[in-house]
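Given next are the chains, with one letter for each unit.
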Amino acid sequence: MAVMKFGGRILSNLFSRPATLNYPAEPREYPERSRGHVEFDPTNCILCGICSKKCPSHAVSVDKKGRTVSIDRKSCIQCSYCVDSCPKGCLSMRPGYCEPGASIPVDVFEVPEKTVSQKETD
Amino acid sequence: MNDILFLLAFPFVAACLMLAIRDDRIRTAVAEVSAAIVIVTSAWVAYRYLGQPESFAFHSETIDSLMAVTEFVLGLAIIYIGYKHKKYLASVLGAITLVLFLGFEVFLKEGIETDNALYIDDLSIIMVLIIGIIGSLICVYAVGYMRDFQKHHPDDKDRRPWFFFLMYTFLSAMFGIVLSNDMTWLFFFWEITMLCSFTLIGYTKTDEAIRNSFRQLIMNQTGGIAFLLAMMILADRYGFLSIDTLLMQDGEAQWIMVAVMLLAIAGIVKSAQMPFHTWLLGAMVAPTPTSALLHSSTMVKAGVFLLLKLSPLMMGNACGYMVATVGGLTFLLASMAAISQSNAKRVLAYSTIANLGLIVACAGVGTPEAVWAGIMLTIFHAITKSMMFLCVGTAEHHIGSRDIESMDGLFERMPRLAGIMILGIVGMFLAPFGMLISKWAALTSFVEDGNLVLIGCLVFGSAVTSFYWTKWLGKLVCTASREGNCEDTVHCQEWVAVGSLAVLTVAICLMYPGVSDAAVIPWLEGAFGGFSEDLVPLLESNNMWIVLIMLVVLILLPLPFFRRTSKRVVPNYMAGEGVDSMSYRGSMGGTVEVSMRNWYMSGWFDEDRLGKIGEVLTVIVMAALLAAAALGVFA
Amino acid sequence: MTQNQTFETAEPGRIPALAQELRDGGYRLVQLCAVAMPEGTELVYSFDKDFDLRNIKAYVPEGETIGSITPWFWSAFVYENEVHDLFGVSFEGSQLDYKGNFFRVSTKTPWKNTANAGKGA
Amino acid sequence: MTTIESILMAVAFIALAPAIGCLLAGVDRKVSARMQKRRGPPILQPAYDVGKFLSKEQITPNSTQDFYVVCFLLFTIGTGAMFFAGMDLLLVIFTLTLAETFLILGAYSSGSPYSQIGAQREMYVAMAYEPVILLMAVCYYLEYGSFSVSDISSSDGMAVVPLIGVFLAFLFVLTMKLRKSPFDLSLSHHAHQDIVRGMATEFSGRTYAMLEISHWYESVMLLGMVALFFANGTVAGIVIGIIAALLAWILEIWIDNGFARMKWQTALKSGWVVTLVLGMGNVAVLLI
Amino acid sequence: MGKRTIVPFGPQHPALPEPVHLDLELEDETVVRAIPSIGYVHRGLEKLTESRDYKDMMYVMERVCGICSFGHGWGYAGAVEGLMGVEVPERGQYLRVMFHELSRIHSHLLWLGLLADGLGFDSLFMHCWRIREKILDVFEAITGGRVILSFCEIGGVKKDLTPEMLRMVGEACDFVEDEMRKTGLVFMKDTSVRNRLCGTGVLSKEDAMSLCSVGPVARGSGVNNDIRSVSPIYKDLGFEPVLYDEGDCWSRCMVRVDEIMGSLEIVRNAIRNLPGGDVSVPVKGNPPVGEYVFRVEQPRGEAFYYVKSDGTKHLERARVRTPTNINIPAMVKTLQGCSLQDVSMLVITIDPCISCTER
Amino acid sequence: MSGTTKSPWLLHYDASSCNGCDIEVLACLTPLYDVERFGVINTGDPKQADLFLVTGAVNDQNKNVVRQLYEQMPEPKVVVAVGVCACSGGIFGDCYNIIGGVDKVIPVDVYVPGCAARPESIIDGVVKGLAVLEEKRKKISEAKS
Ligand code: NFV
Ligand code: SF4
Ligand code: SF4
Ligand code: SF4
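Residues numbered from 1 in each chain as written. Chains lettered and ligands numbered in written order. Predicted model: local features only at pLDDT ≥ 70, side-chain atom pairs only at ≥ 80, totals over all residues. Heavy atoms only, no water.

**Here we look at the sheet that holds strand 1 (residues 5-10) of chain C**
Residues and elements named next belong to chain C. Which entries qualify depends on this criterion: Strands were regarded as paired on the criterion that DSSP finds at least two bridges between them. Here a helix means four or more residues in a row that DSSP labels H or I, a strand means two or more in a row labelled E, and each is numbered from the N terminus. For helices, the fitted axis covers only the stretch in contact; all axes are lines through C-alpha atoms, and the angles between them, taken along N-to-C directions, range from 0 to 180 degrees. Residue contacts follow a heavy-atom distance rule, with two residues in contact if any of their heavy atoms lie within 4.5 Å.
If you walk across this open sheet you meet the four strands as 1-4-3-2, and the pairing is mixed. The two strands at the open ends of the sheet, each matched to only one other strand, are strand 1 and strand 2 (28-37). Sheet twist, expressed as the mean angle between neighbouring strand axes with direction ignored, is 20 degrees. Both strand 1 and strand 4 (residues 52-61) contribute to a ladder of six bridges, which runs parallel. Within strand 4, the residue paired with Ala 10 across the bridge is Ala 58. Those strands touched by helix 2 (residues 77-87) are strand 2 and strand 3 (40-49), and its axis lies near 10 degrees from that of strand 2.

Structure, rendered in structure tokens:
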């Protein structure tokens with residue numbers, strides 16, 4: 001009889017450990033490839049603006065004059081396109097998402113002036 | 001005794017007067033005054049004879065012959081009318097009745113004298129009050145109602161004098177039925193009520209009306225024939241024709257049982273039990289006061305009155321079994337059929353049939369407790385049902401439909417009327433109101449009696465009953481409505497009638513222990529020679545208190561609520577697409593009105609199929625038991 | 001996946017007749033879509049039979065209507081209403097016409113005449 | 001029972017039932033969660049819910065709805081109080097119907113389509129279970145000659161033995177009465193439903209809180225009815241009754257989690273078949 | 001008795017996870033008319049071709065829908081590759097199939113859960129979604145996303161799999177298979193589930209054909225238009241179409257249950273036979289003038305991609321016709337005459353993905 | 001006493017999301033994440049809801065729906081925009097039929113970014129929402145007294 005085909009299963013569930021991850025209490029480990037957020041390392045940035053052109057949701061913007069690269073966390077869809085297209089490998093995709101909150105920051109990164117010698121080594 | 005005679009005769013006199021009046025204002029006055037007189041007289045009679053049953057030696061050859069002649073003439077008239085409308089079955093039955101009647105008058109009745117043609121006892125008093133008060137109120141209501149009715153049917157000839165003549169005659173005949181001891185008298189009045197309702201049902205003269213009136217006629221002719229046969233048996237075998245003598249006989253004796261069975265069948269026809277229930281459904285075509293009259297205080301009540309009267313002869317024998325089974329089945333099946341109906345009057349009709357079924361079943365069980373329940377049911381039912389009919393009639397004239405589906409939001413459109421209707425419906429099936437209380441007693445007595453079929457019918461039937469009443473109730477309490485208030489044009493006569501009945505509904509619930517003590521129990525003690533109160537659980541004082549408390553709570557609690565609410569009023573949830581509480585933006589653009597139709601489950605509770613089942617079962621039960629009794633199987 | 005496909009062009013007036021023919025030939029309608037052109041709309045009807053795809057293109061000039069194929073392929077109503085709402089092409093004889101309420105978009109017929117013809121840059 | 005005892009019992013019910021009912025509801029949610037391999041909410045969650053509803057902004061679609069819900073609450077309490085005070089079982093049952101009707105009317109009064117459809121469903125589910133409940137009373141009467149709960153509970157011998165048919169039928173309809181899957185047609189406590197929140201669609205704030213509290217009372221009373229089958233006038237009987245009631249509760253949770261919501265036709269049909277076979281069968285046996 | 005019950009159903013409705021609206025006309029519980037309305041999720045993303053070049057469009061297309069995201073990526077990539085004549089390396093093709101089938105498993109499990117939820121069978125819903133999480137873990141570990149995978153690219157797939165990852169996929173398959181063996185029986189045999197599904201919403205074979213239904217809807221009525229049947233790579237991996245004949249909700253459900261099993265088999269075979277080599281080829285330049293059509297078998301049925309290029313880097317038209325889009329007529333059809341209780345059942349068994357439908 | 005923060009009932013509406021965030025919202029209810037631990041019930045009825053979870057950007061056809069659902073919720077109430085689409089319009093920001101994030105129509109209290117927003121992120125968002133809820137409740141009760 002199949003009157004209660006699932007009955008046994010739920011009974012055994014009742015007496016086994018729940019599957020729940022105790023999330024906020026126990027932090028979650030993310031796999032290495034996890035696309036959490038974009039990180040920017042200004043060291044090599046040449047402010048070429050490719051990332052900003054490629055970004056499908058206009059989340060990165062590059063201000064050549066002000067020498068900043070800013071990432072709008074509220075718009076970034078973690079697609080990793082900027083990361084893939086940056087010629088200098090300044091951008092990287094890291095696990096760990098951007099915190100929710102009443103307002104979501106636009107992270108502005110300064111790109112320091114490069115010395116001539118540095119430019120040359122480029 | 002003169003008061004009794006006055007009671008009998010006065011309505012008829014008033015009726016004749018009505019026939020002569022053409023002016024509406026005078027008619028109104030006469031109708032109201034007569035109604036008042038009838039009410040007062042009934043009350044007086046009740047007051048005077050309560051607890052003091054009395055029989056009246058009254059014998060007059062003239063009256064007897066007058067009755068016989070009238071009956072003969074009317075019989076001929078029926079044959080003619082049937083012939084004229086090509087309803088030959090009616091003519092044939094009419095002819096049979098006539099022949100039997102002549103045979104009875106000529107050969108059998110000779111030498112049988114009934115000393116006490118009239119009597120009054122507590123049961124009669126209850127019936128007199130029901131007929132007098134409720135019947136008169138309905139007549140008063142009719143004055144206002146018929147004014148509108150005429151307005152709604154401007155092309156029809158104004159036949160109101162005739163209408164009121166019939167209404168008042170009906171009252172006389174009913175008084176006759178409940179007060180006659182002589183069976184020939186009883187039969188006479190019996191046939192008069194049949195004719196009155198025949199004419200009232202056919203009042204509008206539409207094809208449907210005529211068809212239905214003939215159905216009523218044919219079925220009741222059958223009942224009449226059964227009645228006649230019973231009288232013939234009694235006259236032939238036992239040589240008496242009075243009810244009180246009959247009640248002293250041994251119910252198990254072969255021919256007594258057959259006679260009682262025949263009388264019971266007559267009662268079953270009158271009280272519209274299956275298989276004869278269709279006449280009452282057909283009666284719906286008549287103007288609403290007629291329906292109210294037929295359903296509550298007259299006609300069908302004549303049937304149950306006779307059965308209750310005879311119940312001591314049915315206790316525990318085959319006849320009782322027959323009656324109880326027919327009643328029980330009717331209760332169950334009619335309640336089921338009511339679910340599939342959306343016409344308010346039809347729902348009421350089915351509910352009447354069902355409730356009468358319960359009363360009939362109680363009579364059939366025939367134990368004092370059961371009969372107690374039966375009588376109580378009769379009282380409660382008469383009041384509540386008449387009120388419901390009148391309400392529906394008024395609503396119909398103001399919202400233009402008697403369909404329950406059109407009563408959506410009646411609470412907003414006709415708040416007072418809706419309130420009374422709610423009271424009526426609640427009174428029909430919920431604690432702490434009378435119907436339910438009696439049902440409770442009925443259940444107890446059925447269990448006590450150990451009748452499995454009845455128990456089954458009752459438990460299923462009650463469940464089904466709640467369904468159709470509750471969904472109607474739902475329609476009434478719903479507050480979403482676009483229409484404005486349209487209550488001020490209701491005639492004051494209508495308010496008087498409906499209002500008094502509403503007051504009575506509540507009052508009777510508060511007073512029922514009194515009624516029970518004063519009238520029902522004494523009668524039962526007389527008729528059965530004993531009655532034990534414990535068997536009616538609700539006469540236990542505890543329960544009575546609870547019921548009273550509930551009643552008070554229900555009456556007082558609403559008061560603080562139906563004002564402006566202090567809460568924020570937010571329109572109904574419409575899945576996010578609402579425009580307001582009653583409409584939403586539809587698929588094709590534009591605004592769509594939400595509408596709600598109650599569930600009718602016609603696949604489950606198909607009226608025709610249920611009717612068929614009922615007819616077959618009850619016919620089998622009746623035919624088999626009657627045949628067996630006639631063959632002396634039970635003797 | 002093998003993707004057998006053919007493209008052909010047809011006169012817009014012939015579309016209903018073609019639809020009937022294909023329906024009788026056991027084809028099913030795969031889709032109907034529109035491409036905005038400088039002065040009109042190109043409709044692409046795709047039919048499939050045993051995984052062979054026939055794409056029939058019909059050019060409807062601005063302001064003209066085309067016969068609906070819903071009498072033969074009732075389910076085309078989803079496409080026709082969509083094309084009507086987005087491209088402003090009217091279909092005649094539709095069996096289920098939402099009259100512009102299929103997609104209630106912010107701009108009326110957003111695709112119409114914004115053909116990529118002019119995009120270049 | 002003496003009058004004093006009756007009154008004490010009634011008062012105890014009124015005072016304790018919400019607490020017990022709330023705990024029962026909490027257990028229900030916890031156990032359900034565990035059956036689904038989740039942790040689930042704290043046991044007191046139902047109390048938090050009700051507390052929240054009481055403190056929320058009060059909104060309503062009309063001014064009359066509250067009346068019906070208040071009546072539902074009052075009469076549910078009344079029913080339970082009467083039951084535990086040992087009064088007439090039929091009166092208890094009828095009052096229960098009355099309470100039920102008020103809930104339905106509350107659902108109707110707003111005119112919201114979802115709650116009205118919920119109300120319709122509630123009505124036919126009621127149609128399915130009412131006969132069993134009435135038959136239960138009938139069987140008690142046939143067995144003990146009385147409808148009074150106090151007589152029944154103090155008579156010797158556990159009613160469950162002669163009334164086994166009706167007991168099983170009662171367990172069956174308990175699922176309907178508690179509005180649990182597979183018969184949670186009109187108002188579902190946790191599961192998503194095709195008619196939004198069914199009868200409760202338009203209830204919010206205090207109104208909804210009252211509904212919940214009524215459910216608490218109702219569950220305690222229904223479990224009381226289960227226990228009545230075991231009461232035999234001794235302490236042991238009461239203890240067994242309470243254990244049986246708790247087991248019935250767990251059983252209901254299990255059933256709730258082990259079934260899909262069935263078709264309404266099935267609800268009605270199965271309810272009636274069970275009534276006919278188990279209920280009427282039991283009556284027949286007792287009559288013989 | 002002209003009056004009928006008229007109620008709105010959706011867009012916000014707990015039984016529908018997605019916004020679709022129906023005007024329902026009822027008589028008792030029976031639906032006599034149902035008029036659907038969509039457009040609540042219409043974004044107009046196909047028009048983004050005007051501002052995104054053909055490679056950027058990939059990210060847009062993946063977001064047509066979060067449930068069948070991978071398939072959309074593949075469909076779009078396939079169409080562009082066809083247009084440009086790009087040959088995807090074998091390993092890339094195998095990985096695409098593998099992920100597509102994993103997506104199907106996750107989508108069907110999600111669907112089974114939603115069905116259970118619609119049935120009021122909470123515990124079963126939870127159960128299905130718990131199983132599904134295993135697949136999502138695999139997705140996240142390999143592609144970095146749980147829902148939007150961003151795994152496909154024009155020319156192949158983005159990342160290769162390490163052997164551990166392959167093992168992980170295999171383990172996930174084992175887990176799902178083990179659970180599904182038992183859970184499938186619940187859908188197949190449990191009385192209460194069958195009570196609701198069997199005989200409900202019957203779509204005859206003729207109707208399925210004339211309404212041009214696709215996917216499990218068509219296959220539940222015995223019509224096979226599973227485009228995988230003609231794909232050589234799928235044939236190599238042991239694909240068999242699943243067909244049921246009853247045409248009711250139950251058979252649509254069983255098609256999905258069986259497809260999960262079938263997909264597990266395909267994934268396993270793909271792991272076993274995975275060829276070596278590159279996973280993608282670089283694609284350069286603009287697509288040539290022309291048009292191309294590509295079809296993939298999504299979880300909900302055949303999805304159709306049409307691209308047309310005028311030789312610039314912006315496509316002239318990129319069109320998606322999703323399976324739900326063409327299954328809506330079947331839904332409307334079966335809704336007539338069903339019971340109100342079954343409306344959600346029917347809507348769910350058609351498995352409408354509104355975001356797919358409306359784009 | 002107030003159970004407000006212990007019993008947040010949520011109403012979920014899918015504005016024009018791609019379903020990605022929707023299924024993640026649903027996933028939060030399932031065993032692995034089990035938000036019912038915090039007393040969350042996913043109700044379908046705005047009249048009983050405290051948290052309004054909106055996924056997806058708002059378009060012309062559903063902006064009224066979003067607004068109406070919001071209005072039908074009793075105070076105090078909190079709106080949580082889940083996913084980049086709901087926060088800002090995201091990748092669909094330039095579509096002709098997209099108005100923008102949810103905040104274009106109703107006030108948003110908590111933004112949960114991500115495409116799709118992770119269940120963990122949604123849980124955090126809900127927990128943040130609870131704090132806002134409690135604040136609002138206090139404000140209301142202060143205003144009353
Ligand atoms: N309809 C649809 Fe999809 C699928 N499967 C696809 O093309 O889900 Ni959102
Ligand atoms: S981050 Fe990379 S792509 Fe962006 S501006 Fe800097 S160097 Fe160029
Ligand atoms: S990950 Fe994608 S959305 Fe985010 S900044 Fe980079 S390109 Fe833009
Ligand atoms: S944020 Fe991303 S996943 Fe969420 S709805 Fe928008 S596109 Fe879909």
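**Some details on the coordination of the iron atom of ligand 1**
Residues and elements named next belong to chain E. This is how the line gets drawn: The donor set covers N, O and S atoms within 2.8 Å of the metal, switching to 3.2 Å for Na, K and Ca, and it leaves out water, so a site may look short of donors. Three labels apply to residues, based on accessible area from a 1.4 Å probe with only protein chains included: buried if under 20% of the type maximum, exposed if over 50%, partly exposed otherwise in between.
Coordination of the iron atom of ligand 1 by the protein comes from Cys 68 (SG) and Cys 356 (SG), over a distance range of 2.3 to 2.4 Å. In this structure, the iron atom of ligand 1 is positioned 2.9 Å from the nickel atom of ligand 1, and both are ligated by Cys 356. Of this pair, Cys 68 sits in the loop between helix 1 (57-62) and helix 2 (69-84) while Cys 356 sits in helix 13 (residues 354-358), and the two are 288 residues apart along the sequence. One exposure class covers both Cys 68 and Cys 356, and it is buried.

**Quick notes on the coordination of the nickel atom of ligand 1**
All names here are of chain E. Basically, it comes down to this: Metal sites are grouped by the angles between bound donors: all angles between 85 and 135 degrees with four donors is tetrahedral, opposite donors over 155 degrees apart with the others between 65 and 115 is square planar for four donors and octahedral for six, and any other pattern is irregular.
The protein atoms that coordinate the nickel atom of ligand 1 are Cys 65 (SG), Cys 353 (SG) and Cys 356 (SG), at distances of 2.0 to 2.7 Å. Taken together, the four donor atoms coordinating the nickel atom of ligand 1 and their angles of 83 to 134 degrees define a geometry best described as irregular. Each donor residue of the nickel atom of ligand 1 lies on the same chain, and together they follow the pattern C-x287-C-x2-C.

**Looking at the nonpolar core**
The following threshold applies: Residues enter a nonpolar core if they are buried and are Ala, Val, Leu, Ile, Met, Phe, Trp, Tyr or Cys, with the set joined through side-chain atoms within 4.5 Å.
Counting residues in each nonpolar core, the largest one holds 613 residues, and the members touching the most others are Trp472(B), Met127(D), Tyr76(E) and Phe52(F). In contact with Tyr76(E), not counting residues within four places along its chain, are Tyr54(E), Met57(E), Met58(E), Met61(E), Ile154(E), Tyr305(E), Val307(E), Leu315(E) and Ala318(E). If you look at the next biggest cluster of nonpolar residues, it comprises 18 residues, including Cys45(A), Val60(A), Val83(A) and Met93(A).

**As for the interface of chain F and chain D**
When the parts of a complex come together, some accessible area is lost, and that lost area is often used as the size of the interface. How we decide: Buried area is a sum: the accessible area each of two parts loses on coming together, probed at 1.4 Å, counted once for each and added. By definition, a salt bridge exists where a carboxyl oxygen of Asp or Glu is found within 4 Å of a side-chain nitrogen of Lys or Arg.
Between chain F and chain D, the residue contacts involve 28 residues of the former and 27 residues of the latter. When the two sides are added together, the surface that chain F and chain D hide from each other amounts to roughly 2300 Å², 51% of it contributed by carbon and sulfur. Sorting the residues of chain F by area buried against chain D places Glu36(F), Lys47(F) and Gln48(F) first, and these three jointly supply 25% of that buried surface. In this structure, the connection of chain F to chain D is made through six salt bridges.

**Digging into the interface of chain B and chain D**
Cut-off, in case you're wondering: Two N or O atoms count as a polar contact when they lie within 3.5 Å, although within protein this holds only if one can serve as hydrogen donor and the other as acceptor, and sequence-adjacent residues are included solely when both atoms are side-chain atoms.
Residue-level contacts link 64 residues of chain B with 65 residues of chain D. Taken together, both faces of the contact between chain B and chain D bury some 5700 Å²; the carbon and sulfur share is 77%. Seen at the junction of chain B and chain D, the total is zero salt bridges. Here chain B is connected to chain D by six residue pairs in polar contact (both at pLDDT 80 or more). Secondary structure elements with two or more residues in the side of chain B that touches chain D: helix 14 (318-339), helix 19 (434-449), helix 20 (452-477), helix 22 (541-556) and strand 3 (568-569) of chain B.

**Focus on the site of ligand 3**
Here is the rule: Near residues are defined by distance, with any heavy atom within 4 Å of the molecule or strand qualifying the residue. Polar here means any residue other than Ala, Val, Leu, Ile, Met, Phe, Trp, Tyr, Cys and Pro, which are nonpolar, and Asp, Glu, Lys and Arg, which are charged; Gly is therefore polar.
Close contacts around ligand 3 come from 14 residues, with Cys55(A), Cys76(A), Cys79(A), Ser80(A) and Cys82(A) the closest. The residue makeup of the shell around ligand 3, split by class, is eleven nonpolar, three polar and no charged.

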